[in-house]
Amino acid sequence: MNISDGELMEGILERGGYEIVRAPEDADVVLVNTCAIREHAETRVLGRVSQLNGLKRERPDMVIGVTGCMAQRLGETLLDQAPYVDLVMGPDGYRGLPDTLGRLERASSSRSRPRGLADPDTGAIRVAPGGPGRIVERRSKRGPQLAVLQLDMDENYQGLEQRRAIGPSAWVPIQRGCDHRCTYCIVPYVRGGEKNRSAIDVLAEIRALAEQGVTEVTLLGQTVNSYVWNGVGFPALLRDVARVDGIRRVRFTSPHPNDVTEELVSVMADEPAVCEQLHLPAQAGNDRTLKRMLRRYTVESLLDKVDMVRTAVPDVALSTDIIVAFPGESDDEFRDTLELMRAVRFDEAYTYKYSARDGTPATRLPQADFVDPLEAQARLEQLIEVSRAIQSEINAGEVGRVEEVLVEGEGRDDGQIRGRTRRNKVVVFDGSRDRLGDYTHTLLKRTTGATFVGSEVGAKEPATVAV
Ligand code: 5AD
Ligand code: SF4
């Protein structure tokens, strides 16, 4: 989602007359786009902006902006924490980026105080629009500072175009925000409620991408499969996208298990372009924990979904997200999560330690329930061990298969390229970089556990095809 938001900001800025450069040293404006999901991500951002301050000391005119969910979450307090930051902008402010940067520039050149009512304590000057306090303009010793923090009920970035990297694959956001309230999660507070784009626009965009040579699209949304627009639900949109001329692969992320329906699964089964891959964020394998997380499903119903998908799409690769040490999770309850992993055998698991996010309901659970950090770390390590072992076993069982691979880039070693199978597994094989965007078939020769080493099959190695 953040890669896609980065592309969106680049598109907006380019149309606003800015030129995009890759190195901070070459830039007049540096935007650091951020995630607020876990504390660790935020700590890294603070390190990054303080590094940028080193550059700014040499070039005082440089503008440092922090955008995205962490910016929204911390708001103007970020300006206190990192006084060299000039701009703080939440995810609903991107449309106005060029104007906002222009306003900063004008404010710094005019030396006049912006008009408004100054807060006697902080010197902050609150200006409309966007609701009280949602756009804050300040003047510090170093110059003007702006915090753009309004959440917009209608902002779904309709009509804005990304500046995408040239390549065979494209991210296509179809939904922003989230209507769920999982008790650990900050997303609804920093991205607002669910907003869906027009299906007509989404399809037009994908047709245009296909005409430019894109063959793979990934539909994005916080709960992507709850998408509905003017009566068009997600399964119908997915089917239409899969039928766009030139689109050979369609993926989507992240679905909510509750909206994995028979209808969705049958589109996955029937549409050749929809890849045999599903991310199914389980979060935990214990009903009491799931209930306190407000996930709105039980382990049994999740297992039913897994069965339903596997019945319809037998070769489907499943991945998941798991949080360990949610407040109040007992040792036995954690073991239930390990049990779920063994029962489902996910091809890939993204694993996290619970991270308390201010303002989310889980932080108000009794302090005594919070799991000791060392215990949380031990659970995480155990979970990773179990999920990696399962992944290695599954992948070892796939050695010998011949899979279609889309070449996405170079491998780590010279003369190697990297691609992905329909089931979202990474394969590295010999080839040159001019193969980017090619579809080919590779024999999976061995696995490192998570990825594969393959060799192209076809004219060169006909014998190996008959595995
Ligand atoms: N602590 C740990 N992990 C979290 N996630 C979301 N919020 C938190 C949190 N507070 C995880 C969930 C989600 C993934 C994107 O991040 O597993 O699916
Ligand atoms: Fe967060 Fe839950 Fe919404 Fe996912 S569904 S973004 S975990 S609130």
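Here we summarise the structure given alongside this text. Along each chain, the written sequence defines residue order, and numbers are assigned to residues from 1. Chain letters start at A and ligand numbers start at 1, both assigned in the order the entries are written. A pLDDT threshold of at least 70 governs which residues receive local features in this predicted model, and a stricter bar of 80 or more applies before side-chain atom pairs are shown or counted, although totals over entire chains, interfaces and linings include all residues. Values shown for side chains rest on all heavy atoms present in the structure; no hydrogens or waters enter the calculation.

1. Some points on the site of ligand 1
Put simply, the rule reads: Throughout, the term near means that a residue has one or more heavy atoms lying within 4 Å of the molecule or strand in question. Any N or O atom pair separated by 3.5 Å or less is treated as a polar contact, with the protein-specific requirement of one donor-capable and one acceptor-capable atom, and with residues adjacent in sequence counted only for side-chain atom pairs. Only the protein chains shown count as cover for residues, and all accessible areas are computed by the Shrake-Rupley method using a 1.4 Å probe. Helix and strand assignments come from DSSP, with helices taken as H or I runs of at least 4 residues and strands as E runs of at least 2, each series counted from the N terminus. Under the convention adopted here, Pro, Cys and the residues Ala, Val, Leu, Ile, Met, Phe, Trp and Tyr are nonpolar, Asp, Glu, Lys and Arg are charged, and Gly plus all remaining residues are polar.
All residues in the neighbourhood of ligand 1 are listed as I37, R38, Y184, Q283, D321, I323, Y352, K353, Y354, S355 and R357. A distance of 3.0 Å separates a nitrogen atom of ligand 1 from a polar atom in the backbone of Y184. Separating a nitrogen atom of ligand 1 from a backbone N or O atom of S355 is a distance of 2.8 Å. Notes on ligand 1: free accessible area 400 Å², of which the protein chains cover 87%. Broken down by secondary-structure element, the contributors of at least two residues to the shell around ligand 1 are β16 (317-324) and β17 (348-353). Each residue belonging to the shell around ligand 1 can be placed in one class, and the counts come to five nonpolar, two polar and four charged.

2. Describing the nonpolar core
Soluble globular proteins tend to pack their nonpolar side chains together in the buried interior. How we decide: Take the buried Ala, Val, Leu, Ile, Met, Phe, Trp, Tyr and Cys residues and link them wherever side-chain atoms come within 4.5 Å; each set so joined is a nonpolar core. Each residue's exposure class comes from its accessible area (1.4 Å probe, protein chains only) as a fraction of the maximum for that residue type: buried when under 20%, exposed when over 50%, partly exposed otherwise. Residue contacts are counted whenever heavy atoms from the two residues lie within 4.5 Å of one another.
Ranked by internal contacts, the top residues of the largest apolar core, which has 71 residues, are V217, L219, L238 and F252. Not counting residues up to four positions away in its chain, the partners in contact with L238 are L219, V250, F252, L264, V267, M268 and V274. Core analysis: the second largest hydrophobic core is formed by 26 residues, V66, L74, V136 and I186 among them.

3. A word on the sheet that holds strand β15 (residues 277-279)
Heads up, the rule is: In this description, strands pair whenever DSSP reports at least two bridges between them. For every element, the axis is a line fit to its C-alpha atoms; helices are fit only across the contacting stretch, and the angle between N-to-C directions ranges from 0 to 180 degrees.
Read from one edge of the open sheet, three strands run β15-β16-β17, paired in parallel fashion. A single partner strand is all that each edge strand has here, and the edge strands are β15 and β17. Across the sheet, the mean angle from the axis of one strand to that of its neighbour is 10°, orientation sign disregarded. Here β16 pairs with β17 via six bridges, running parallel. The partner of S319 across the bridge, within β17, is E348. Sheet strands in contact with helix α13 (residues 373-398) are β16 and β17, and its direction is about 175° off that of β17.

4. Some words on the sheet that holds strand β14 (residues 249-253)
The strands making up a sheet associate through hydrogen bonds between their backbones, and the pairing can be parallel or antiparallel. In spatial order, the strands read β8-β11-β14; together these three strands make up an open sheet with parallel pairing. Two strands lie at the open edges of the sheet, namely β8 (169-173) and β14, each paired on one side alone. When the angles between neighbouring strand axes are averaged without regard to direction, this sheet yields 20°. Of the strand pairs in this sheet, strand β11 (residues 216-220) and β14 are connected by five bridges, and their pairing is parallel. The partner of L219 across the bridge, within β14, is F252. Contacts from helix α7 (residues 199-211) reach β8 and β11 within the one sheet, and its direction differs from that of β8 by about 170°.

Honestly, that's just the spatial picture; any functional story needs more than this.
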